[in-house]
2 protein chains.
Amino acid sequence: MGGRAVRDHDAVRATARPTLRDIAEEAGVSISTASRVLARARTGPPRSAAAERVVAIAERLHYQPDLSAASLRTRRTRMLGVLVPRLTDIVLSTIYEGLDSAAESLGYQTVVANTLDSSEEQRRRAEMLLTRRVDGLILGDARIDDAYLDELAARRVPFALVSRSHPPYDSVTCDDLAGGRLVGDHLADLGHRRIGIIAGEPHATTGRDRAQGCLEALRRRGVDVPSSWVVHSTFDAEGGYDAAHRLMQDSTAATAIFAVNDMTAIGAIGALRDLGHRPGTDIAVVGFNDISIAGQLPVPLTSVRSPLTQMGAEAARLLVDRLQLSRPEARERAPVQLRLAPQLFVRASSDPSSTEGWTPGLRAGTASRA
Amino acid sequence: MGGRAVRDHDAVRATARPTLRDIAEEAGVSISTASRVLARARTGPPRSAAAERVVAIAERLHYQPDLSAASLRTRRTRMLGVLVPRLTDIVLSTIYEGLDSAAESLGYQTVVANTLDSSEEQRRRAEMLLTRRVDGLILGDARIDDAYLDELAARRVPFALVSRSHPPYDSVTCDDLAGGRLVGDHLADLGHRRIGIIAGEPHATTGRDRAQGCLEALRRRGVDVPSSWVVHSTFDAEGGYDAAHRLMQDSTAATAIFAVNDMTAIGAIGALRDLGHRPGTDIAVVGFNDISIAGQLPVPLTSVRSPLTQMGAEAARLLVDRLQLSRPEARERAPVQLRLAPQLFVRASSDPSSTEGWTPGLRAGTASRA
DNA sequence: TGACGGCAGGCAATCGTTTCCGTATTTTCC
DNA sequence: GGAAAATACGGAAACGATTGCCTGCCGTCA
């Protein structure tokens, strides 16, 4: 039996997927020619009769290159690994949606994994993705003092951060400081002077920066927030519920609460109501991210909209850019921390005079490099 | 230069990932032996001195097999493709979370894609996943009369459905008919006789079955629902808002509304409020799925809990089971439609007398094969 | 002591693609 | 028309694993 005959080629393979060999044979060219022609077919029209035949046959047979084989050879998978704390968090799933669709239009597929915001899971899942030989990683769960990032950089794994930042690494975030300032100014404008802040997880730059921006704006307006009025919590409704309880057990109750996350704000509202307050009337509540239900709540929630979809998309672009750059082993591009502009939407939860749930934005959202 | 020397093996590769060859060389065995030893290492202890050396070296070098190479050879990728309408829908992301974590413990990784509940996207993304040579698909977006499923079956692509069913194909769903009946009985118990239903997308079995179960239970109790009181909508808050408006423009207003999805119910509540009703007081509202914020809303939402995480996990198991079965090209397993038991949680949106938001379940949730 | 079964281990083919390196052919330009 | 440059094409070697087949060693048992 010759090498060829061993493959049950012509008989059984009728149903199997066509390979380059099938196309080459039918077109009467070599496999290498078929490969080259198809590689070029994406950029320009076929440039010879043989090339035309190859393209036509590939078309007819619905040829799809075997990506395992290709990436075995090229060491590239055209897959991006994505880590997020949790996809059930609407904020992260929205970011991921933007990320995935941008990646797709750049010719990459994504694989996503939940890390539950735990360092161990972060490392474990990242290593699983790297075993799959993803071309790069996008981390949505970077922590302040995240040693794993340094390790990745040392191993020269291309990666970018999204949602949270960690200079000097590439990242795309909302301009959280600016967003926090919008809230501080807004609350000060309304005359509040006793303000509590639910600042989220201490290891996340999102919460830290939003809280800090708010404090900064307030201080500039002469409003001081005692440090015991800044409490931490998880980024979900339960966390907000607990945090609001802790915050309000102080007898000198706040007249306003800024929660750095909408779900947290929703939980806080629940707690306030349980405590006999009327959110939006007795006490102002402001959230962050402006998730879609924020404006649909019974008491529509004032919130800072962060461009989540766009953040994901920019992160994908940033990473792909770096990936392509690293191809000619040439100079590195300087790291980029992209901060997208936030926008405040005032609604009844902070300002009962706002007539409707859905207020058009006050400031145009433009991106700025930093 | 001999073949070996051409690889920049010992010098430059110090940093690169170790391959079987590296291990074999260092252990003084052939590559095939190294491969076999490592394959067996997962099940039992090494059975010879050489085997011990191989395992130790692999351990020390943190050897990870190259999955591209392995799957090129074995035609298996240990990846499952997952299609969902949208991950930003908490229902789907919860299902996916259960699915992914079960898949992981079964030794599979998942790749997920949004299809926006569109047939074209469904097909396009599924084909992309199949190009990646995923071992099987899990579809969370099956439609009634979904021709693509028949095509997949004809092409012998292993797949399973989740959330929505489509006999005779493998599926894992909530027992939506039973869930609907719980709601019908509940509303009838409360004395409602004018009931509107927001039944979701007409192409989804979830909405259809939940609505039908409710109608069935009501009919048994002598309550008739005119067909114009059953309206369709998308599965998000906007859809519920619109649908409730349509429903209530009928002058003979309903005293209760069953929305087959919690987000839809939330939107409906918003609309009712805009129309001057007081949901929970004037008009009962019941949702479905019992997403986490349902119980945290200002007027806590009565809802039927469907075991979303478990659904995803069972779907993964079902597919992996089929995958392993199809290995010895032997007999096929009979198709399975697994329906998981739902559970009603009564809260203030339908029954103001329910004292707290969080009512423990009335019936134990057990799985039943069908 | 010799036949035999079991098992460890080596050789080599193979999966499907990309890409280096020649040679053959065409085009370009004087 | 001919030399030079550009291009097309084929052969063959990888990429890193899995696996069928074969050899040789070991122990067992009659």
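Residues numbered from 1 in each chain as written. Chains lettered and ligands numbered in written order. Predicted model: local features only at pLDDT ≥ 70, side-chain atom pairs only at ≥ 80, totals over all residues. Heavy atoms only, no water.

Novice: Before we go on, may I ask you to explain the packing of helix H11 (residues 237-248) of chain B against helix H12 (residues 262-274) of chain B in this structure?
Specialist: The description of two packed helices rests on the angle between their axes and on the distance between the axes. All names here are of chain B. Put simply, H11 and H12 touch, their axes get as near as 6 Å, and they point 50° apart. Our classification of the angle between H11 and H12 gives oblique. Like other packed secondary-structure pairs, H11 and H12 cross with a definite hand, here right-handed. For the pair H11 and H12, contact is made by Ala237, Gly240, Tyr241, Ala244, His245 and Met248 and by Met263, Thr264, Gly267, Ala268, Gly270, Ala271, Leu272 and Asp274, respectively. Broken down by class, the residue content of the contact of H11 with H12 amounts to 8 nonpolar, 5 polar and 1 charged. (Axes fitted to C-alpha atoms, helices over the stretch in contact; angles between N-to-C directions. Helix = DSSP H or I, 4+ residues; strand = E, 2+ residues; numbered from the N terminus. Parallel < 35°, antiparallel > 145°, perpendicular 65-115°, else oblique. Left-handed = near helix turned anticlockwise from the far one by under 90°. Contact = heavy atoms within 4.5 Å. Nonpolar A, V, L, I, M, F, W, Y, C, P; charged D, E, K, R; others polar.)

Novice: Can you help me understand the interface of chain A and chain B in this one?
Specialist: A common way to express how large an interface is: the accessible area buried when the components associate. On the chain B side, the residues contacting the 46 residues of chain A number 46 residues. On the chain A side of the interface with chain B, the three residues burying the most area are Gln109(A), Arg132(A) and Gln296(A), jointly 16% of the side's total. Residues Arg125(B) and Glu104(A) are paired through a salt bridge, measuring 3.3 Å at the closest nitrogen-oxygen approach. Counting across the interface, chain A meets chain B through 24 residue pairs in polar contact (both at pLDDT 80 or more). For the side of chain A that touches chain B, the secondary structure elements donating two or more residues are helix H5 (67-74), helix H6 (90-105), strand E2 (109-114), helix H7 (119-131), helix H11 (237-248) and helix H12 (262-274) of chain A. Take the side of chain A that touches chain B: its biggest share by element is 7 residues, from H6(A). Partitioned by chemical class, the residues of the side of chain A that touches chain B number 19 nonpolar, 13 polar and 14 charged. (Buried area = accessible area lost by both parts, 1.4 Å probe. Salt bridge = Lys/Arg side-chain N within 4 Å of Asp/Glu carboxyl O. Polar contact = N/O pair within 3.5 Å; in protein donor to acceptor, adjacent residues only side chain to side chain.)

Novice: What's the story with the nonpolar core in this structure? I'm lost.
Specialist: One broad trend across soluble globular proteins is that nonpolar side chains are buried collectively. Core analysis: the biggest nonpolar cluster contains 157 residues, and Ile198(A), Phe258(A), Ile198(B) and Phe258(B) have the highest contact counts within it. Setting aside chain neighbours within four positions, we find Ile198(A) in contact with Val231(A), Ser233(A), Gly240(A), Ala243(A), Ala244(A), Leu247(A), Ile257(A), Phe258(A), Ala259(A), Val260(A), Thr264(A) and Ala268(A). (Core = buried A, V, L, I, M, F, W, Y, C linked by side-chain atoms within 4.5 Å. Buried < 20%, exposed > 50% of the residue type's maximum accessible area, 1.4 Å probe, protein only.)

Novice: Looking at this structure, I do not really get the relation of the copies chain A and chain B. What am I missing?
Specialist: Between the two chain copies there is a screw-like relation: a rotation about an axis and a shift along it. Of the transformation superimposing chain A on chain B, the axial component is 0.0 Å and the angular component is 180°, with the fit at an RMSD of 0.1 Å. The transformation relating the two chain copies, once decomposed into turn and shift, fits a two-fold axis. Across chain A, the smallest distance between a C-alpha and the rotation axis is recorded for Ser68(A), namely 2.3 Å. In this assembly the copies share their binding face: 100% of the residues contributing to the interface of chain A also contribute to that of chain B. (Least-squares fit on C-alpha atoms with pLDDT ≥ 70 in both.)

Novice: What is the right way to look at the protein's contact with DNA strand D in this model?
Specialist: Around DNA strand D, the structure places 29 residues, and the nearest of them are Ser30(A), Thr33(A), Leu20(B), Tyr63(B) and Arg73(B). Sugar and phosphate atoms form 59% of the subset of DNA strand D atoms that lie within 4 Å of the protein. Take Leu20(B): an N or O atom from its main chain is 2.5 Å from a phosphate oxygen of DNA strand D. The contact in question runs from a phosphate oxygen of DNA strand D to an N or O atom on the side chain of Ser35(B), over 2.8 Å. The dominant element in the surface near DNA strand D, judged by the number of residues it contributes, is helix H5 (residues 67-74) of chain B, at 5 residues. For the surface near DNA strand D, the per-class residue count stands at 10 nonpolar, 9 polar and 10 charged. (Near = heavy atom within 4 Å.)

Novice: Whenever I open this one, unusual backbone geometry confuses me. Can you help?
Specialist: Peptide bonds are mostly trans, and most non-glycine residues show a negative phi. The omega angle of the peptide bond from Pro167(A) to Pro168(A) is 10°, so this bond is cis rather than trans. The topology assignment puts Pro168(A) in the loop between strand E4 (159-162) and strand E5 (171-174). Residues other than glycine seldom take positive phi values, yet Ser163(B) does so here, at roughly 75°. The buried category is assigned to Ser163(B), whose relative accessible area is 10%.

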